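Structure at a glance
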Amino acid sequence: MQFVASLAFSPFAHFLPLAQACEAAGLEAVSLSDHVVHPERIDTPYPYTADGAPRWQPGTPWPDPWVAVGAMAAVTERLRFVTCVYVLPMRNPFLVAKAVGTAAVLSGNRVALGVGAGWMKEEFELLGQDFHQRGRRMDEMLQVLRALWAGGMVEHHGRFYDFGPLDMSPAPAREVPIYAGGLSKPARRRAATRCDGWISDLHPTDELRTLVAEMRAWRADSERADRPFTVIASATDALNLDGFRRLEEAGVTHLHTMPWAYSGARLDDLPAKCDGIRRFGDEVVAKLAS
């Protein structure tokens, strides 16, 4: 099992040293979350809390993921980067393809695009995108992105996007992996049958085992059955080596976590976070690898 460190809610000034610490500790990747704005009033309920309130407050930093990836890629050599998750249908697919493709080229193909349908209607409206058909548009956007990243002249004629021959350059030398987040059945089926993996929310291990088994069954009956399926999961009950091994047995390929939390470091304490990452590398990553 590999490890992905979440940079969510960390001060932006921490990103580069945290990326370097994660690379030195043997972690596979870091993840970046995504919002463009935080409206003062949000009427749309947040789907991942019991009361519908977001897990963060106004003023929480949400740097542009692809600008941040460019900065971190410049100070690392091996570390990979994934969005967990990028609200794809809130954007124009051409601009997404350009930003992600450029980041892939400049980083040496070290990026993966984790996408979600989004939940905040107010943010969609501010960006001029339809909220109600976001799932259907996202399914078609996946086709558009892969076509644009293929290089050379391509065209697409679909329900939401229709364009004649064009090319987008630079094109990534390798296919950019696309992972899908979301807990609904349509979201999980999309991950299994249309994408390269799934990104979870917070779950106990037994629940993850059931969800992963269901998605692998869907995948076995899809056109992508012969491709690897990545599972980036966050577990509420995996806190030590035995717990991490149980996750791996359940089909989790990547644990999504904040490695400094295991040593009690605060989000605003950069030296303690870097030390926590180093300790996590010595006590978890290296031992599981051996």
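To be clear, the structure that these remarks concern was listed above.
Basis of the calculations
- Residues numbered from 1 in each chain as written.
- Predicted model: local features only at pLDDT ≥ 70, side-chain atom pairs only at ≥ 80, totals over all residues.
- Heavy atoms only, no water.
- 1 Å grid on protein atoms, 1.4 Å probe; cavity = no way out; pocket = protein on both sides within 12 Å on 5 of 7 lines; lining within 4 Å.
- Points joined across faces, edges and corners; volume = space filled by probe spheres on them.
- Nonpolar A, V, L, I, M, F, W, Y, C, P; charged D, E, K, R; others polar.
- Buried < 20%, exposed > 50% of the residue type's maximum accessible area, 1.4 Å probe, protein only.
- Helix = DSSP H or I, 4+ residues; strand = E, 2+ residues; numbered from the N terminus.
- Arc of directions from axis to C-beta.
- Polar contact = N/O pair within 3.5 Å; in protein donor to acceptor, adjacent residues only side chain to side chain.
- Axes fitted to C-alpha atoms, helices over the stretch in contact; angles between N-to-C directions.
- Parallel < 35°, antiparallel > 145°, perpendicular 65-115°, else oblique.
- Left-handed = near helix turned anticlockwise from the far one by under 90°.
- Contact = heavy atoms within 4.5 Å.
- Pairing = 2+ DSSP bridges.
- Right-handed = clockwise from strand over helix to strand, strands pointing away.

Time to look at empty space enclosed by the protein. A complete count under the given rule lists one cavity of 30 Å³ or more for this structure. Each pocket or cavity is described by its volume, and for the largest cavity that value is around 80 Å³. Classifying every residue of the lining of the largest cavity by side-chain character gives nine nonpolar, two polar and no charged.

This part is about helix α2 (residues 65-74). Each full turn of the α-helix corresponds to 3.6 residues, which orients residues three or four apart in the same direction. Taken together, the buried positions of α2 are occupied by P65, W66, A68, V69, M72 and A73. An end-on view of α2 places all buried positions within 150 degrees of arc, on one side of the element. Turned more than 90 degrees from where α2 packs its buried face, V67 and A74 sit exposed. Where α2 begins, the capping side chain belongs to D64, and its oxygen is found 3.0 Å from the backbone nitrogen of W66.

Okay, the packing of helix α1 (residues 15-24) against α2 next. α2 packs onto α1 with a crossing angle of 55 degrees between their chain directions and a minimal axis gap of 9 Å. Taken together, the axes of α1 and α2 are oblique relative to one another. For α1 against α2, the interelement crossing comes out right-handed. Judged by residue contacts, F15, L16 and A19 of α1 engage A68, A71 and M72 from α2. Looking at the contact of α1 with α2 residue by residue, the class counts come to six nonpolar, no polar and no charged.

As a further point, take the pairing of strand β8 (residues 178-181). Side chains I178 and A180 project from β8 onto one buried face, and the interleaved Y179 and G181 project onto a second face that is buried too. Bridging between strand β5 (residues 111-116) and β8 involves three bridges; their strand directions are parallel. Each residue of the ladder has a partner; that of V115, found in β8, is A180. Note that the unit made of β8, helix α6 (residues 185-194) and strand β9 (residues 197-203) has a crossover that is right-handed.

Empty space within the largest pocket amounts to approximately 1100 Å³. In terms of lining, the largest pocket is formed by 44 residues, of which the most central are Y46, Y48, R55, S200 and D201. Counting residues per element, the ones that place at least two in the lining of the largest pocket are α5 (134-149), α6, β9, β10 (230-235) and β11 (254-257). In terms of residue count, the dominant contributor to the lining of the largest pocket is β9 (four residues). Looking at the lining of the largest pocket residue by residue, the class counts come to 24 nonpolar, 15 polar and five charged. The calculated volume of the second largest pocket comes to roughly 210 Å³. For the second largest pocket, the full set of lining residues is D139, L142, Q143, R146, P186, R189, R190, T193, R194 and R224. Elements represented by at least two residues in the lining of the second largest pocket include exactly α5 and α6. It is α6 that provides the largest number of residues to the lining of the second largest pocket, a total of five residues.

For the rest of this paragraph, the subject is the environment of L211. Note that L211 resides in helix α7 (residues 205-220). On the basis of relative accessibility, which here comes to 12%, the residue L211 falls in the buried class. Between the C-alpha atom of L211 and that of L183, which follows or precedes it by 28 residues, the distance is 9.3 Å. Not counting chain neighbours up to four residues away, the residues in contact with L211 comprise R188, W198 and H203.

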